[in-house]
Structures are given as C-alpha cells and as structure tokens.
Amino acid sequence: MSQVKQREVVTSATVEPLTMRGPADTLVSLSVNRIARLVTIEPRVSLLDLLRERLQLTGTKKGCDHGTCGACTVHVDGRRVLSCLTLAITCEGREVSTIEGLADGATLHPMQRAFITHDAFQCGFCTPGQLMSAVALLEEGHASTDAEIGEWMSGNLCRCAAYPNIRAAIREVRDAAGEDGHAAD
Amino acid sequence: MRPISYARATDPVEAIATVLADPESAYLAGGTTEIDLLRLGVVRPTALVDINDLPLARIDGTDDGGLRIGALARMSDVAEDSVVVQRFPMIAEALLLGASPQLRHMASMGGNLLQRVRCSYFRDGVSPCNKREPASGCSALLGINRGHAILGTSEHCIATHPSDLAVALVALDAVVHVEGPNGSRTIPIDEFFLLPGDTPHREHPLEHGDLIVAIEVPPAPVARMSLYLKVRDRESYEFALASAAVALRAERGVIVDVRLALGGIATKPWRAHRAERLLLGARADRATFLGAAHEELADAVPRGLNAFKVELAQRTIVRALENALALGGAT
C-alpha cells in the first residue's frame, strides 16, 4: 500500500534552483471572497496585513500577531487558519474567505444572526474570528456537545468572556441546520 | 520582520536544490512556528522555499499494520484519519490535544517535529540563550523556569521539547524519512531528537537542505489500545506540564507488552526506557506503576520553579498506565 517511489538519477545536484521572488515588491495574484486581486507586495507581508492594510478588509482583526488569540481567523481553501501566521504570497492559487464574504449581500449568515440573537459579543473585537471559526466548526462536525464546542473553539479567545453566549449561538445554528445529525436539546 | 525572498516548489528535488543553493534559506511548510519566530527575529533565514505544494501529504496504512505519514500531511488530517485512529489512537489523541483547530489545519507533520522550544528566553530574542546564541549562557537555569525540563537537561539548556505528537512517535519507534543532497536516508525517531548537552543549538541531525519527506510508524498491535494523557494549566490550547503516551497489554495480570513515553518534562520527547524495563513482566497493578514512575524520575534535576514536575510526572505516569489498563489492556 505504501506509495514510495524511489527517485532515479535526478538529484538536487542536477536540478536548477528555483528563481526567487523578492525581497522587494513582487506582483501577487490572489482571490479573496471570490474576487481576483492583483497586488504588489513584499513576500514577507502576512495575509492579515495584506487584508487590512492593502485591501481595506479590516473586518479581520490583529490581536496578538503570534497565532495565540484567533482574532485573525480566515478560511483558506475552506479551512480555518490564522492569517497572521500566513504569508500572503503563499495564498496564490488558493481561495481566501474573510468575514466580509460571510454575508450574502445584505442577508447575514445564519451564524451572524445567531450571534446577534444570543448577544454573543461585548466589545466585538474577537467576533469576526469567532464567526469564521464557528462557521468552520459546524462544517468540521465537532459541535455535538457544549464541551466539544468549547474544545474546538479554544483557538479563539474572548477577553470579554462571552463564551456561554457564543456556544448558545453555535448550538442554535447547529440545531437549525441539523449538523452532526443531532436533534435540538 | 526582516525582508525575505520566496519561491514555491512543486517537486522535492527542486525544493532541495533551491535551499541548497543558498545557505541562508529555509523550507516553509505550515509556518506556524517559523513565521512567528521570523517576526520575533529569533530565526533569520533570508529566503523561504514554500514546500506546501509538494506531493507529500498522503497518509497510508501499510500492509503489515504500520503507517506512513507524508511530511506535509496536516495535524488535523492525521488526527482524523481512520487508519491512524484504529491502529495508533495515541497519535490521534496527541495531535488533537495540541495547539488549536486553526493551527492544526496549518501545521505539518514534518514541521511539528522541527518546531522550536517555547522557552521565553529563547523566544525573546535578547536574553542570553545557548540555543539561540551559542555560548551566551542559559537564562532559564536561575530564571522563570516553571515550564522547563527536569530530564535530559544540561548546564547549557533546560528548555522543554514542546511537541505532543513526537511523544507518541517516540513511544512507537517511528522512523523519519529524509531526502537531502546525498539522497535518501532514515533516522530512528529517538535519534532524531538530540539532548542539549553542550550544543543546545543542535536539535536534530538534519543538515542544510535535508527535507523530511515522511514519518513511518512500524506495526505495533499493542498500540490499538493506547492513549495520550496531557496535564496542563488550562483545559485546552496549552502546552503540557507533563504528558504520557502509553500502550499496555497484560495477560493474567502480568504486563506482556508496554510502550511509555513522556512529554512536557524533558528536553526531548522522552522514551521511558527505565520504567518500561520494570513494567515488562511485572504485575499490572498500582504498586508496579508507582515503582516504575519513581524509577523513571530517579535522575530528574529540578531547578526551582519546576520542582513540582517531579511528582506531577510520576502521577501522570501512574494515571496513564491505570487508564491504559482499564482501556482493555488486561485479559
């Protein structure tokens, strides 16, 4: 079953190194919320800084910039990741989705509506990250109990401690959508 | 962050050639440690070769009951792979108890092995630290060392190895497959992690240009009933103060097979060889477990704030062994 192919005579000694881009500005083509974007950036620019400083998509927040708070959570190719630890240039050829792309025009995403219904935020700074994480959580299918929601949302900190209300919002969307095959409590 | 140049590779040989061509370059996989440390100025490559598109993400059960995990498989995918869950639950549990869901989607298997220590003196970029700046001294010896190691330490470094995954892999005698300038080679995982000794800046035997391509886990029927126990300051998203990967099988009350490795307390993922020797062939009861735990920690060197870890580690071992026994290891 193991699919290990032994390489033949082609070795790193006989292959040309790749051409490097940067460190100065380089043209990068991205797709953010299904809109093609062409930007000129240095390779060191994080996805978070690109979104906020260059594309004016300031919904994604910079909390710690170290990958510990989750405020910068976005989706890349449908998976929730931290944009502060992602270089923008590595997203070429991938689809980036941010909080700005969550609503369908003027119609809020069910998770956004549930956050309002359940008062799932106070200061609101962590909320975009919480929402992006919560939407992904239901797709991942790890929201069957409160304990499971807590564990699988642990990458998103809330200094206001709105956690009970965030869990309530997630429960509501889960039960409405029938995610996980679990009935309402 | 200092300026960097960038290229994305699609073939391992091309990636290796590109990194080899520039001594200041490094591979970029999930980036969860590397981008953070670049921003902090702790690591200083000037060129990154993005390997995320290399075809190294497969997770395959082998016909003999083992496992081969591509180096670029993500933590989240490995943790939920059915073969991993069936054959090596301790690997799945160790992965799911590490980091956060977002980080697990990003972080690769190879990168997990190569993640750097979370010692605050290493990470701050300025304190004396032999790992970051050889011969500059170790600030943790007399500093804030509550999270630091009590086994495998030296006068030059007491930083704890942070990986949970690696603890399970060490318990399972995994093998690291590497491709480099001189072709392919394999490294037993216990030899992959180096003790700090007087060269704490050397953490593994890889040379510049070496690329981890896969991790192989040999068959271990005992591991089908295995677990990973992690003790930490908060319930989730935190490093271990002490952890144990355990697989245990007893017949008629006697231990006939056992694997035990420890995390959170040592400078490398710690295979508990001394405890295993006492456990094998002994009665599977609390007295044996206590004796084995005591034996494994006999050479522990606590340094101030981390003194509590000696007892914590022993209790973690005992509980993990008891849990493993209850899991169905007894017949």
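Residues numbered from 1 in each chain as written. Chains lettered and ligands numbered in written order. Predicted model: local features only at pLDDT ≥ 70, side-chain atom pairs only at ≥ 80, totals over all residues.

**A look at the domain arrangement of chain A**
Residue and element names in this part refer to chain A.
Phase 1 of the analysis: Examined at the domain level, chain A breaks down into domain 1 (26–100) and domain 2 (110–181).
Phase 2 of the analysis: For domain 1 and domain 2, the distance between their C-alpha centroids amounts to 22 Å.
Phase 3 of the analysis: Every contact between the two is made by 14 residues of domain 1 and, on the other side, 11 residues of domain 2.
Phase 4 of the analysis: Breaking the side of domain 1 that touches domain 2 down by element, the ones donating at least two residues are strand S3 (73–76) and strand S4 (79–82).
Phase 5 of the analysis: No other element matches S3, which puts 3 residues into the side of domain 1 that touches domain 2.
Phase 6 of the analysis: When grouped by side-chain class, the residues that make up the side of domain 1 that touches domain 2 number 5 nonpolar, 6 polar and 3 charged. (Domains from an automatic or database assignment. Contact = placed C-beta atoms within 7 Å. Helix = DSSP H or I, 4+ residues; strand = E, 2+ residues; numbered from the N terminus. Nonpolar A, V, L, I, M, F, W, Y, C, P; charged D, E, K, R; others polar.)

**Notes on the confidence of the model for chain B**
Phase 1 of the analysis: For chain B, the mean per-residue pLDDT works out to 97, and 99% of the residues sit at or above 70.
Phase 2 of the analysis: Among the prediction metrics, the complex's ipTM stands at 0.96, with pTM recorded as 0.95. (pLDDT = per-residue confidence, 0-100.)

**Here's the deal with the sheet that holds strand S10 (residues 242–251) of chain B**
Residues and elements named next belong to chain B.
Phase 1 of the analysis: Spatial strand order, S9-S10-S11-S12: 4 strands in an open sheet with antiparallel pairing. Two strands lie at the open edges of the sheet, namely strand S9 (226–231) and strand S12 (270–271), each paired on one side alone.
Phase 2 of the analysis: Sheet analysis places S10 next to strand S11 (residues 254–263), joined by 9 bridges and oriented antiparallel. Bridge pairing in S11 places Ser 243 opposite Gly 263.
Phase 3 of the analysis: Docked against the sheet, helix H5 (residues 89–96) engages S9 and S10, running at close to 25° with respect to S9. (Pairing = 2+ DSSP bridges. Axes fitted to C-alpha atoms, helices over the stretch in contact; angles between N-to-C directions.)

**A look at the interface of chain A and chain B**
Phase 1 of the analysis: Residue-level contacts link 37 residues of chain A with 38 residues of chain B.
Phase 2 of the analysis: Of all the secondary structure elements, the ones that give two or more residues to the side of chain A that touches chain B are S4 and helix H4 (146–152) of chain A.
Phase 3 of the analysis: Among the elements that line the side of chain A that touches chain B, the one with the most residues is S4 of chain A, at 4 residues.
Phase 4 of the analysis: Each residue belonging to the side of chain A that touches chain B can be placed in one class, and the counts come to 15 nonpolar, 14 polar and 8 charged.

**Concerning the sheet that holds strand S1 (residues 5–8) of chain B**
Residue and element names in this part refer to chain B.
Phase 1 of the analysis: Here 3 strands make up an open sheet; going across it, the order is S1-S3-S2 and the pairing parallel. Only two strands of the sheet have a single partner each, and these edge strands are S1 and strand S2 (25–28). Each strand axis lies, on average, 25° off the axis of its neighbour in the sheet, ignoring direction.
Phase 2 of the analysis: Bridge count between S2 and strand S3 (residues 47–50): 4 bridges; the pairing is parallel.

**Focus: unusual backbone geometry**
Residue and element names in this part refer to chain A.
Phase 1 of the analysis: Residue Gly 22 is joined to Pro 23 through a cis peptide bond whose omega torsion reads 10°.
Phase 2 of the analysis: Secondary-structure assignment places Pro 23 in the segment before strand S1 (26–32).
Phase 3 of the analysis: Positive phi is not limited to glycine here, since Arg 34 has a value of about 65°.
Phase 4 of the analysis: Here Arg 34 shows up in the loop between S1 and strand S2 (35–41).
Phase 5 of the analysis: Non-glycine residue Ala 161 carries a positive phi angle of around 60°.

**Topic: the nonpolar core**
Phase 1 of the analysis: Membership of the largest hydrophobic core comes to 162 residues, with the highest contact counts inside it found for Met 90 and Ala 168 of chain B.
Phase 2 of the analysis: Once residues within four sequence positions are removed from consideration, Met 90 of chain B is found in contact with Ala 168, Ala 171, Ala 223, Ser 226, Leu 227, Tyr 228, Ala 245 and Ala 247 of chain B. (Core = buried A, V, L, I, M, F, W, Y, C linked by C-beta atoms within 7 Å. Buried ≥ 20, exposed ≤ 12 C-beta atoms within 10 Å, placed from the backbone.)

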